[in-house]
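Coordinate analysis (summary)
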Amino acid sequence: MAKTWSNWSGSLKFTPGKLMEPQNEDDLLSNVRLALENKKKIRVLGAGHSSSPLVVTKDVLLSLKHFTDVGNVNKEDSTAWIGTGLTVKEGGSKLLEHDLSFHNTGDVDIQCVSGAISTGTHGTGIKLKNLSSMLTGCRMICADGNVREFTEEKDGKDFFDALRVSMGSFGIMTSMKLRLLPAFKLERKEWCTHADNCMEHLDELIEQNRNFDFYWYPRNDLVKLRILNEPGRGSQELDYARLDEEKTGWAIDVLPKERDLKFDEMEYALPLHAGPECFMMIRNKMKAKFRQNVAWRVLYRTIQADDFYLSPCHGRDTVTISLHQNVGLPFMEFFREIEPVFRDFDGRPHWGKKHTLQSGEISSLYPRWNDFLELRKEMDPEEVFLNDHLKQQIFNI
Ligand SMILES: Cc1cc2nc3c(=O)[nH]c(=O)nc-3n(C[C@H](O)[C@H](O)[C@H](O)COP(=O)(O)OP(=O)(O)OC[C@H]3O[C@@H](n4cnc5c(N)ncnc54)[C@H](O)[C@@H]3O)c2cc1C
């Protein structure tokens, strides 16, 4: 019996039947085949940062932390194959040695690239797609226990649009081919101002900057504007805000932030145009009811639309709004009270964060839902790679 496993925030705890940490693909294959013979289910783990029960299992929990190679780097078309055990930080540093870079990162770099891709993890920037958009190929252990290599050229855009955000339900990816950019530098500027100033200038802040987001602090109604651009570009002076922090460096060093304090989080993706109204409703609700017990900020970001079947940004330029509460403090009453506001604006929950939606409610938000389910079934008819959460709450199969 394996030890109790816990996610990053500690809000999920369970004991898997077995925790596997194979050293290489042969080791992995023999373990997977044994699990299949014994009719065990398998959930593959990234860095364990999701706080929805995506990896909870009483059978086999699989970590690919030893799969960290970077190879087949092609600088001509800015692609590379990377091992799925690499975190965003590790992968970003290794790629920089080859003068290549991710186009964006989330707010932190501690997730695995594979985990980030599998849940549609995103940063901010209205002309930037989420991290799943980088995936153009992968090597995968499939449900029959065999290894197959998939590429977008060979297997088609539709297959990849389903695979990109599939939460480990298609198979075990051991390496991924990523679409990257030549390495580039960014200048980060962080400004402090009142929330009203931010809302007045919101459209121009989003349009004029490569990466823009803001944090709203419920206790004092101030915001932190976070603006990143190639050095010298975008909004340089803001006469309604105070410059608090400046940093320039390689994108992979400047995009993510360090996080010392742990938190739980709910995040929804909304149509871009609905963002300001939704935020104002949340702001009012939090000021009226939760100002005293929620010190953590609310984060507002934008992302470009994509075609990925289960991407929260599917078919629409997107605003995401996320709520946070410090670890150890009650969060569910707060999240549950705000959640209906997101839903009123056709919000789609982040797959890796807290939400209470059930399959019937979720499926109506995704036009390619049934196409996804059909492909998933072809890939894994015996449901080897599903757990109760995916089977019951999400897919209803
Ligand atoms: C501090 C913190 C900051 C965050 N910031 C952001 C942010 O800025 N933007 C954002 O969108 N999200 C953010 N998140 C959410 C986070 O990015 C997602 O939950 C992400 O999926 C976590 O990645 P992970 O490597 O920990 O994967 P896990 O949580 O371990 O797994 C996530 C999913 O990926 C699948 N998976 C992992 N590896 C493989 C593989 N090799 N093959 C097949 N499937 C695989 C798993 O089965 C699972 O379904 C944040 C989370 C935390 C804790």
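These remarks concern the structure in this document. None of the values given here were measured: they were computed from a predicted structure.

Calculation rules
Residues numbered from 1 in each chain as written. Predicted model: local features only at pLDDT ≥ 70, side-chain atom pairs only at ≥ 80, totals over all residues. Helix = DSSP H or I, 4+ residues; strand = E, 2+ residues; numbered from the N terminus. Rg over C-alpha atoms; globule rule 2.2 N^0.38 Å. Buried ≥ 20, exposed ≤ 12 C-beta atoms within 10 Å, placed from the backbone. Contact = placed C-beta atoms within 7 Å. Near = placed C-beta within 6 Å. Nonpolar A, V, L, I, M, F, W, Y, C, P; charged D, E, K, R; others polar. Core = buried A, V, L, I, M, F, W, Y, C linked by C-beta atoms within 7 Å. Axes fitted to C-alpha atoms, helices over the stretch in contact; angles between N-to-C directions. Parallel < 35°, antiparallel > 145°, perpendicular 65-115°, else oblique. Left-handed = near helix turned anticlockwise from the far one by under 90°. Pairing = 2+ DSSP bridges.

Let us now look at the overall build of the protein. Summing up its helical and strand segments, the protein has 13 helices and 20 strands in all. The globule rule puts the C-alpha radius of gyration for 397 residues at 21 Å, and the 21 Å found for the protein is close to it. Projected onto the principal axes, the alpha-carbon positions of the protein cover approximately 65 × 50 × 40 Å. Scored against the burial criterion, the 397 residues of the protein give a buried share of 46%. When contacts within the protein are restricted to residue pairs at least 6 apart in sequence, long-range pairs at least 24 apart make up 72% of them.

Taken together, the neighbourhood of the ligand is formed by 32 residues, with Gly 46, Gly 106, Gly 115, Gly 168 and Gly 352 sitting nearest. Contributing elements (two or more residues each) for the shell around the ligand: strand S4 (42-45), helix H3 (113-118) and strand S11 (172-179). Counting residues per element, the shell around the ligand draws most heavily on H3, at four residues. Residue classes in the shell around the ligand are distributed as 13 nonpolar, 16 polar and three charged.

What follows covers the nonpolar core. Ile 42, Leu 62, Val 113, Leu 225, Tyr 300 and Ile 321 are the most contacted members of the largest nonpolar core, which has 99 residues in total. A total of five residues in this core trace back to one element, the largest contributor, which is strand S17 (residues 263-271).

What follows is about the packing of helix H9 (residues 275-290) against helix H10 (residues 332-344). Remark: H9 packs on H10, axes separated minimally by 10 Å, with the N-to-C direction vectors making an angle of 155 degrees. Here H9 lies roughly antiparallel to H10, going by the angle between them. As for the relative orientation of H9 and H10, their crossing is right-handed in sense. Every residue of H10 that contacts H9 at Cys 278, Met 281, Ile 282, Lys 285 and Phe 290 is listed here: Phe 334, Ile 338, Val 341 and Phe 342. Here the contact of H9 with H10 is composed, by residue class, of eight nonpolar, no polar and one charged.

What follows deals with the sheet that holds strand S15 (residues 222-229). Pairing is antiparallel in the open sheet, where eight strands are placed in the order S16-S13-S15-S14-S18-S19-S17-S20. Since the sheet does not close on itself, it has two edges, and those belong to strand S16 (242-250) and strand S20 (348-349), each with one partner. The pairing of strand S14 (residues 211-217) with S15 spans seven bridges and is classified as antiparallel. Bridge assignment links Trp 216 to a residue of S15, and that residue is Val 223. Relative to the sheet, H9 contacts S14, S17, strand S18 (298-303) and strand S19 (318-326), its axis offset from that of S19 by approximately 20 degrees.

Below, the discussion takes up unusual backbone geometry. Its identity as a non-glycine residue notwithstanding, Asp 346 has a phi of 60 degrees, on the positive side. Tracing the backbone through its elements, the reader meets Asp 346 in the loop between H10 and S20. Although it is not a glycine, Asn 396 adopts a positive phi angle of roughly 50 degrees. Its place among the elements puts Asn 396 in the segment after helix H13 (388-395).

So, about the pairing of S17. Taken across its nine residues, S17 has seven buried, putting it largely inside the fold. Relative to S19, S17 runs antiparallel, the two being bridged by nine bridges. The partner of Leu 270 across the bridge, within S19, is Val 319. With two bridges joining them, S17 and S20 adopt antiparallel strand pairing.

Turning our eyes to something else, we now look at the environment of Val 327. For Val 327, the location among the structural elements is in the loop between S19 and H10. Each C-alpha atom, one on Val 327 and one on Lys 262, is 5.5 Å from the other, the two residues being 65 residues apart in sequence. Not counting residues up to four positions away in its chain, the partners in contact with Val 327 are Ser 9, Gly 10, Lys 262, Phe 263 and Asp 264.

What follows is about the sheet that holds strand S6 (residues 70-74). Reading across the sheet, the five strands line up as S6-S7-S11-S9-S10 and stay open at both edges, with antiparallel pairing between neighbours. Each edge of the sheet is formed by a strand with only one pairing partner; in this case those strands are S6 and strand S10 (147-151). Direction aside, neighbouring strands of the sheet carry axes that sit 15 degrees apart on average.

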